Amino acid sequence: MDQSRMTDIAESASRPSRALKRPAILGGLALLLALAALLSLATGAMPLAVGDVLRALFGLEVDAQSAAVITMIRLPRMLLAIIVGAALAGAGAALQGLFRNPLADPSLIGVSSGAALGAVTVIVLGGAVVAILPFAASPLLLPFAAFLGGLGATFVMQRLAQSGGQAATATLLLAGIAINAMAGAATGVLVYVSNDTQLRDFTFWSMGSLAAGGWPGFTIAALPIAAALAAIVVSARALDAMLLGEREALHLGVPVQRLKNVVMVASALAVGSAVAVSGIIGFVGIVVPHLVRMIAGPDHRIVLPGSILAGAALLLVADMVARVVVAPAELPIGLVTSALGSPFFLWLLVRRRRFG
Amino acid sequence: MTRIKRVMTMGGMQGIAILSSLALAHADTPQRVVSVGGSTTEIVAALGAGTLLVGVDTTSLYPASVTELPNIGYVRQLSAEGLLSLRPDIVLAGSEAGPATALAQARAAGIEIVTMSEGYTPEAVARHIETVGRVLGRKAEAADLLDAFKVDFATVEADLARVTTKPRVLFILQTGRGASLVSGTDTAAHAMIELAGGVNAVTEYTGYKPFSPEAAALAAPDVILMTDQTVDTLGGKDSVLSEATFAATPAGRDGRLVTMDALYLTGFGPRLAHAAHDLAVKLHPAHEFAPLPERAWTKAE
């Protein structure tokens, strides 16, 4: 392949037909997200009139309890669903592009298992830590530890895989597997010494929930997720070039090693923040980018923002299901996404084997 | 239908008292109650306030009629809006109830939440009964319940004072397919074994731990104690006793496997005296125990 042809492929995304397709798809997804957000505010165990919901949103007079339900429970939860869904799907799309592997997801770079280790450490040993350091007693201790664990695992993996400032993709993947296994073993040790209550707490944490975040959760996670997703979205063209192959991208002028670092750090930041406030929510990061690619093709300038919008919308819908089906109790949201996601994933595998 | 039946089982005079108090519908006492925690729910029902319950959690299994109420889920995984949707005047929350954010959100929305203090002693159960009685405005009923509870407990203790040998008891819990868990100290099962005049065969650690067959043999229990649910999971009494793990122990040799309902055995609610009595009878077969009188809260459906 000569240079001009490759440039042609990389540039093909900006042909007029695609230029029209992009606003149409992204606009449609944004509309879907807005619809899901409104629906999520109007749905819940408490039967509230849509009129009351709108009045409370615009600061008009409603009875105190309805106002509290909307402004203190549903609104922060809706916003949390949006940022968590966006973070998981956006990071998933970016990592699939970076590794040129449609089955890549955030757990591949160690961030989920690292976050789980951080969370279980606080759940099991938190009491002892607080006894020594009383100022550490805070509901934010667990999110903070999960966040550090997630980022730490990715950082260690990245450092281990590098030699002379370079990291081969295959080495990165293998290092990720090793880091996952190590974090899993450490988590296992803590689970072993945990008591019944701690074990249950961890089990529920690892099935995910948007119930406990509230305004504090949204506030601490929003900024890092927004920054990370911005860094991911501006890498779209470079990721398009990566689809041709690492060497080809390098020849096209893409700073490949820097791109790897940026995408991995941004993904770890986004997913680490999301997991910190919501626990582990599976399959959003892997399923959503596929859905978007099925509609939009491989162009990352559609796939990345599209996945962010669709991930937010999908998690809103999943959270509505989680809140309503067993009301007044709640399903862990990770169960809902996995129950919807795993059949799709299987179908994807079978399809790839047949047509791949 | 079930509510009427429940009221009837509370016994003649008390039943009438409940009906009249319902008819009066005191504005100052809670009329819609959500109970979180199996023992709290039992106490509410024992105080004749079962008809006020509008929701319970997954650990509330007794009296059986409460399982028909709206269920707010697992005690550590409550939903603020789920609680609110039941429009309770008050939520009686066991010490385990959580997560804290959900409770804080419900409180902020104007729901009164009273946290119960629980513990594995008869005194803690008495305090628990007093608290629920005070909060629900049923102090007289709580006093009656406490009197009966103390009389029953004194009967059991008097009998146990004449027991000379204390059997070593191994409590085994099996919840899923994994390894069996054995109770160390600081558990409800440990406390029950002591209350029934036994000795826990395993005191090397606190809480529950997976246990190896060799360690089980080394603990040399005279009796193996399990919940009915565990025995079912393990495939019945015979298959438990024939297991090689236990065959070498005194308990296996003598075929001494004691089983009881999980909530009854480890619930630490108003039925504690009766549960301790029933366990004591099984732990000390050679000893004569005075039977305890049946109470409204021990035969409720």
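Each remark here, short or long, concerns the structure printed above.
As the structure is a computational prediction, the values presented were derived from the model and not from experiment.

The rules behind the values
Residues numbered from 1 in each chain as written. Chains lettered and ligands numbered in written order. Predicted model: local features only at pLDDT ≥ 70, side-chain atom pairs only at ≥ 80, totals over all residues. Helix = DSSP H or I, 4+ residues; strand = E, 2+ residues; numbered from the N terminus. Rg over C-alpha atoms; globule rule 2.2 N^0.38 Å. Buried ≥ 20, exposed ≤ 12 C-beta atoms within 10 Å, placed from the backbone. Contact = placed C-beta atoms within 7 Å. Nonpolar A, V, L, I, M, F, W, Y, C, P; charged D, E, K, R; others polar. Axes fitted to C-alpha atoms, helices over the stretch in contact; angles between N-to-C directions. Parallel < 35°, antiparallel > 145°, perpendicular 65-115°, else oblique. Left-handed = near helix turned anticlockwise from the far one by under 90°. Core = buried A, V, L, I, M, F, W, Y, C linked by C-beta atoms within 7 Å. Pairing = 2+ DSSP bridges. Right-handed = clockwise from strand over helix to strand, strands pointing away.

Colleague: For the overall build of chain A, give the residues involved together with the corresponding values.
Modeller: Of the regular secondary structure elements, chain A holds 15 helices and zero strands. Compactness check: chain A gives a C-alpha radius of gyration of 21 Å against a globular reference of 21 Å for 356 residues, within 12% of the reference. On the principal axes, the C-alpha backbone points of chain A span a range of 70 × 50 × 40 Å. Here chain A holds 356 residues, and 52% of them are scored as buried. Sequence-distant contacts, at least 24 apart, represent 79% of the contacts inside chain A between residues at least 6 apart.

Colleague: Explain the interface of chain B and chain A to me, using residue names and the numbers behind them.
Modeller: Across the boundary between the two partners, chain B contributes 26 residues, which contact 23 residues of chain A. Every element with two or more residues in the side of chain B that touches chain A is listed here: helix 4 (80–85) and helix 5 (100–108) of chain B. Of the residues assigned to the side of chain B that touches chain A, the class counts are twelve nonpolar, eleven polar and three charged.

Colleague: Kindly report on the packing of helix 4 (residues 64–99) of chain A against helix 9 (residues 214–233) of chain A, identifying the contributing residues and their values.
Modeller: Residues and elements named next belong to chain A. Relative to each other, helix 4 and helix 9 sit at 30 degrees, their axes nearing to 9 Å. It follows that helix 4 is roughly parallel to helix 9 by the angle criterion. Remark: the crossing between helix 4 and helix 9 carries left-handed chirality. Counting all contacts with helix 4, which are made through P76, L79, L80, I83, A86, A87, G90, A91 and A94, the residues of helix 9 involved are G214, W215, G217, F218, A221, A222, I225, L229 and I232. A class-by-class count of the residues in the contact of helix 4 with helix 9 yields 15 nonpolar, three polar and no charged.

Colleague: Could you give an account of the nonpolar core, naming the residues involved and the relevant values?
Modeller: One finds A87 and A119 of chain A together with L170 of chain B to be the most contacted residues of the largest nonpolar core, which totals 201 residues. Counting residues per element, this core draws most heavily on helix 4 of chain A, which supplies 22 residues. Apart from residues no more than four positions distant in its own chain, A119 of chain A is found in contact with L142, A145, A146, F202 and W205 of chain A.

Colleague: How would you sum up the pairing of strand 3 (residues 90–93) of chain B? Please name residues and give values.
Modeller: Residues and elements named next belong to chain B. Bridging between strand 1 (residues 33–36) and strand 3 involves four bridges; their strand directions are parallel. Considered in strand 3, the bridge of S35 is made with L92. Pairing geometry for strand 3 and strand 4 (residues 112–115), over four bridges, is parallel. Bridging from a neighbouring strand, I90 pairs with E112 of strand 4. In the classification by handedness, the crossover that spans strand 3, the intervening helix 5 and the parallel strand 4 is right-handed.

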